[in-house]
Amino acid sequence: MAAAAAWGALRGARRPPPALRRGLAEPAGPRSVRQLREAEEAAPVFQYAGKAAKRKDRVFVWGFCYSGALGVPSFVKPDVGWKRPRRIQPTPYRLETEEKISSAACGYGFTLLSSNTTDITKVWGMGLNKDSQLGFQRSRRDRIFTMGNNSYGQCGRKVVEDETYSESHLIHQLKEFDSRVVQVVCGQDHSLFRTKKGAVYACGWGADGQTGLGHYNITSVPTKLRGDIAGVNIIQVSSYGDCCLAVSDEGDVFGWGNSEYLQLASVTETTQVNVPRHLPFKIGKIKEAACGGTGNIVLTEEGNVFVWGYGILGKGPNLIETAMPEMIPPSLFGWSDFNPDIRVAHVRCGLSQFAALTNRGELFVWGKNLRGCLGTGRMEDQYFPWRVTVPGEVVDVACGVDHMVSMVKSFT
């Protein structure tokens, strides 16, 4: 009996107090009004947006950071001591903007954004400014202004020998057009202007025929192009390097400039074409066209995407060069028997990368992934269209040499 009592006492001594017992909590008593109020305030709130919720306009950037072209100061100069400068942003990063951005354009190491208000249009610049290519200009309607390097007359003004462009405040107004200019495109060292009447004007460097004026000289005054587009209503022009494409209201496509990479091999065996030529593609009516450094892309009215030229064209590593347009299978952009309404709505080009936007606001990219410019989160080149993860509906995208900018509408 004594042994049993001792053993029972020992077990009781080892038993933990009630507060420390696992799973043996004391029953809770009634809570006070204060405790109930505190619990209610601490409870999570789930807010569901209705159909009437206003969607927000946002801008996302990615690619090479050191130039400042992404517009995020902390990437170049960290705002906290323990951070390091960010060389590459491999995925979309939200850019904080105070105003709604309506359009964007990407150069080599710099970006221009524009915002429209009721009275003025603001232009925002970020990135390299060595040649004073960035600026802020309040403009009225029907006026075109140029700024930056004018070594070859690409700003549409007389070339001044030994002119210093660094820290230049010179902004030149252009007037030599038959009607209001509705589109401006900048190539490597030339500029294109499309007017409301469907005419195309060009100025700048013409060594590869990229001005389309019938010669290979420098032109410092915007001059109207003729050739096969004479009398044709042009609804879109595109250029990036030294090749140019134009689309008519009847769905035809025209080209001129550099054909070193078979961009214009359908109409010539030479490497330069100095007047616009009709490209006799049998692929249906063309809706949009875009030029890269060595490859071109067009979008038909049916939503089909065709590529040609040289480089990573989007049909795998076996297709590197072609003189005639090759169609990228629609299934690579999300089309299927279960999603038969998906179509590509817009196509864009950078120097060595391509982009396509679908009617559902999805962004697909492929090509050379120079310094993370594709935004896929990886550094490898992309041989097939790859969907970029963007938190919203992509409305438009601008492609640079090593970075990209997208305009996005939030889901809610």
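This text follows the structure it describes.
Residues numbered from 1 in each chain as written. Predicted model: local features only at pLDDT ≥ 70, side-chain atom pairs only at ≥ 80, totals over all residues. Heavy atoms only, no water.

K.L.:
So what's going on with the environment of Ala 53? Which residues, and what values?
P.N.:
Mapped onto the secondary structure, Ala 53 falls in the loop between helix 2 (33–42) and strand 1 (57–64). You can call Ala 53 partly exposed: its relative accessible area is 33%. Considering only alpha carbons, one finds Ala 53 and Thr 412, 359 residues apart in sequence, at a separation of 6.3 Å. (Helix = DSSP H or I, 4+ residues; strand = E, 2+ residues; numbered from the N terminus. Buried < 20%, exposed > 50% of the residue type's maximum accessible area, 1.4 Å probe, protein only.)

K.L.:
An account of the packing of aromatic side chains is needed here, citing residue identities and associated values.
P.N.:
According to the stated counting rule, one finds 9 aromatic pairs in the structure shown. Here the aromatic residues Phe 333, Phe 354, Phe 364 and Trp 366 are joined through ring pairs into a cluster of three or more. If you follow Arg 371 out to its NZ or CZ, it ends over the ring of Phe 64, 5.0 Å from the centre. One residue, Arg 378, lies across the ring of Trp 386, its end atom 4.7 Å from the ring centre. (Phe/Tyr/Trp six-rings, centres within 6.5 Å; stacked < 30°, edge-to-face > 60°. Lys NZ or Arg CZ within 6 Å of the ring centre and 35° of its normal.)

K.L.:
Account for the sheet that holds strand 9 (residues 190–195), naming residues and giving values.
P.N.:
Reading across the sheet, the 4 strands line up as 8-9-10-11 and stay open at both edges, with antiparallel pairing between neighbours. Each of the sheet's edge strands pairs with one partner strand only, and the pair in question is strand 8 (181–186) and strand 11 (219–224). Here the average twist between neighbouring strands, direction ignored, is 15°. Here strand 10 (residues 200–204) runs beside strand 11; their pairing, made up of 3 bridges, is antiparallel. The residue of strand 11 that forms the bridge with Ala 202 is Thr 223. (Pairing = 2+ DSSP bridges. Axes fitted to C-alpha atoms, helices over the stretch in contact; angles between N-to-C directions.)

K.L.:
Go over the sheet that holds strand 4 (residues 110–116), please, and point to the residues and values.
P.N.:
With respect to topology, 3 strands assemble into an open sheet ordered 3-4-5, the strand pairing being antiparallel. Both edges of this open sheet fall to strand 3 (103–106) and strand 5 (121–127), since each of them pairs with a single strand only. Strand-to-strand twist across the sheet, computed as the mean angle between neighbouring axes with direction ignored, equals 15°. Pairing between strand 4 and strand 5: 7 bridges, direction antiparallel. In the sheet register, Phe 110 faces strand 5, and the bridge partner there is Gly 127.

K.L.:
Could you give an account of the pattern of salt bridges, naming the residues involved and the relevant values?
P.N.:
Enumeration according to the criterion identifies 10 salt bridges in this entry. Here Glu 393 and Arg 55 are joined by a salt bridge, their closest N and O atoms 2.7 Å apart. One end of the pair, Glu 393, is in strand 24 (residues 393–399); the other, Arg 55, is in the loop between helix 2 and strand 1, and 338 residues separate them in sequence. Lys 83 is paired through a salt bridge with Asp 79; the nearest N and O atoms lie 3.6 Å apart. Take Lys 83: its relative accessible area is 35%, and that puts it in the partly exposed class. Look at Asp 79 and you get exposed, because its relative accessible area is 56%. (Salt bridge = Lys/Arg side-chain N within 4 Å of Asp/Glu carboxyl O.)

K.L.:
Before we move on, could you go through the pairing of strand 20 (residues 344–349) and cite the residues and values that matter?
P.N.:
By the bridge criterion, 5 bridges tie strand 20 to strand 21 (residues 353–358) in an arrangement that is antiparallel. Bridged to Val 344 within strand 21 is Thr 358. Counting the residues in the hairpin turn of strand 20 and strand 21 gives 3 residues.

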